[in-house]
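What follows is each chain in one-letter form.
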Amino acid sequence: AAGVIQSPRHLIKEKRETATLKCYPIPRHDTVYWYQQGPGQDPQFLISFYEKMQSDKGSIPDRFSAQQFSDYHSELNMSSLELGDSALYFCASGSLYEQYFGPGTRLTVT
Amino acid sequence: GIQVEQSPPDLILQEGANSTLRCNFSDSVNNLQWFHQNPWGQLINLFYIPSGTKQNGRLSATTVATERYSLLYISSSQTTDSGVYFCAVAQYSGGGADGLTFGKGTHLIIQP
């Protein structure tokens, strides 16, 4: 079965640089979620989109923005990166309530 | 916001043992999911179980929504069961795309 695709899988950036993470949901899923998981932490919800509109917002920093495109893929844009942004970033997709998680993008900020 | 508490925080067992992991939540929910995070960081869906009982092989789960708790049972543990088990919940305000709130997880180590 098709799964959520995230790219890139690994990313290394320097402080103050920008990064863009991409997410391709499971076909026919209309909802995308983004989560951030710091080392040794539980995943924290950042933001979600339903039918290309922002639906719910969690603890997303102002330096981050996201959108969902007409083909339902989503991008998370992160600017002015800080050391504390080093984390595993998950995208999940769903069509009702259940959420299916992608493999994650591991971002390292040096 | 809703609070999620998982217990125990850590669990070390011998291969072949059975275990029960608990998840308590502070309010009614529309979504409850159990995940296994393996040592490589992958979050694997185990169950979507806002109420009732489900079984999948050696794993089963029960959620008693009226009493706000869920249990994950692992039988005949194998070393590949090691990792962190997360419970996550969501209440839906009507938009249908609310984010999950995760518990702190149970770190399970299965020794050969």
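Criteria and thresholds
Residues numbered from 1 in each chain as written. Chains lettered and ligands numbered in written order. Predicted model: local features only at pLDDT ≥ 70, side-chain atom pairs only at ≥ 80, totals over all residues. Heavy atoms only, no water. Phe/Tyr/Trp six-rings, centres within 6.5 Å; stacked < 30°, edge-to-face > 60°. Lys NZ or Arg CZ within 6 Å of the ring centre and 35° of its normal. Pairing = 2+ DSSP bridges. Helix = DSSP H or I, 4+ residues; strand = E, 2+ residues; numbered from the N terminus. Axes fitted to C-alpha atoms, helices over the stretch in contact; angles between N-to-C directions. Contact = heavy atoms within 4.5 Å. Buried area = accessible area lost by both parts, 1.4 Å probe. Salt bridge = Lys/Arg side-chain N within 4 Å of Asp/Glu carboxyl O. Nonpolar A, V, L, I, M, F, W, Y, C, P; charged D, E, K, R; others polar. Disulfide = S-S within 2.5 Å. Buried < 20%, exposed > 50% of the residue type's maximum accessible area, 1.4 Å probe, protein only.

Kindly report on the packing of aromatic side chains, identifying the contributing residues and their values.
With the rule as written, the count across this model stands at 9 aromatic pairs over all chains. Each member of the aromatic cluster is reached from another via a ring pair, and the members are Tyr 35, Phe 45, Phe 90 and Phe 101 of chain A together with Phe 35, Phe 86 and Phe 102 of chain B. When the ring centre of Tyr 69 of chain B is taken as origin, the NZ or CZ atom of Arg 22 of chain B, which lies over that ring, is 4.2 Å away.

How would you explain the sheet that holds strand β8 (residues 69–74) of chain B if you had to name every residue and give the values?
Adjacent strands of a sheet pair through backbone hydrogen bonds, lying either parallel or antiparallel. All names here are of chain B. If you trace the 5 strands from one edge of the open sheet to the other, you get β1-β3-β8-β7-β6, paired in antiparallel fashion. Strands with a single pairing partner mark the edges of an open sheet, and in this sheet they are β1 (4–7) and β6 (52–56). Taking each pair of neighbouring strands and ignoring which way they run, the sheet shows an average axis angle of 15°.

Residues and numbers for the interface of chain B and chain A, please.
It is common to give the size of an interface as the accessible area lost on bringing the parts into contact. Taken together, the 21 residues of chain B in the interface contact 21 residues of chain A. Regarding the contact of chain B and chain A, the summed buried area is about 1,700 Å², with carbon and sulfur atoms giving 52% of it. The largest per-residue losses of area from chain B upon contact with chain A belong to Leu 43, Ala 97 and Phe 102 of chain B, which jointly make up 28% of the total buried on that side. Linking chain B with chain A are 1 salt bridge. Across the salt bridge formed by Asp 42 of chain A and Lys 104 of chain B, the nearest N and O atoms sit 3.1 Å from each other. When residues of the side of chain B that touches chain A are assigned to their parent elements, the largest contribution, 4 residues, is made by strand β4 (residues 31–37) of chain B. Among the residues forming the side of chain B that touches chain A, the class breakdown is 9 nonpolar, 10 polar and 2 charged.

Please provide a residue-by-residue account of the state of the cysteines, values included.
Under the criterion given, the structure shown has 2 disulfides over all chains. One disulfide in the model links Cys 23 of chain A with Cys 91 of chain A; its S-S distance is 1.7 Å. Across the S-S bond linking Cys 23 of chain A and Cys 91 of chain A, the dihedral sits near -55°, which makes this disulfide left-handed. Of this pair, Cys 23 of chain A sits in strand β3 (residues 19–24) while Cys 91 of chain A sits in strand β9 (residues 87–94), and the two are 68 residues apart along the sequence. Among the residues examined, Cys 91 of chain A registers a relative accessible area of 0% and is labelled buried. A sulfur-sulfur distance of 2.0 Å marks the disulfide that ties Cys 23 of chain B to Cys 87 of chain B. Residues Cys 23 of chain B and Cys 87 of chain B are joined through a disulfide that is left-handed, its torsion about the S-S bond being -60°. Here Cys 23 of chain B, found in strand β3 (residues 19–25), pairs with Cys 87 of chain B, found in strand β9 (residues 83–90); they are 64 residues apart in sequence, far enough to count as distant.

Describe the side chain of Ser 19 of chain B, with residues and values.
All names here are of chain B. Along the polypeptide, Ser 19 turns up in strand β3. Taking relative accessible area as the criterion, Ser 19 reaches 7% and is therefore assigned buried. Look past the residues within four positions of Ser 19 in its chain and what remains in contact with it is Leu 11, Leu 13, Leu 72, Tyr 73 and Ile 74.

Tell me about the pattern of salt bridges, and please be specific about residues and values.
All names here are of chain B. According to the stated counting rule, one finds 6 salt bridges over all chains in the structure shown. Notably, a salt bridge pairs Asp 27 with Arg 68, separated by 3.9 Å at the nearest N-O pair. Of this pair, Asp 27 sits in the loop between β3 and β4 while Arg 68 sits in the loop between β7 (59–64) and β8; the two residues are 41 residues apart in sequence, bridging distant segments of the chain. What makes Arg 68 partly exposed here is its relative accessible area of 35%. With a closest N to O distance of 2.9 Å, Asp 81 and Arg 58 form a salt bridge. Of the two residues, Asp 81 is situated in the loop between β8 and β9 and Arg 58 in the loop between β6 and β7; the sequence distance between them amounts to 23 residues. On the basis of relative accessible area, Asp 81 is assigned to the buried category, the value being 6%.

Describe the environment of Ser 77 of chain B, and please don't skip the residues or the numbers.
All names here are of chain B. Residue placement: Ser 77 occurs in the loop between β8 and β9. On a C-alpha basis, the gap between Ser 77 and Ala 17 in space is 5.4 Å, while along the polypeptide they are 60 residues apart. Beyond its immediate chain neighbours, meaning those up to four positions away, Ser 77 contacts Leu 13, Gln 14, Glu 15, Gly 16, Ala 17, Arg 58 and Ile 110.

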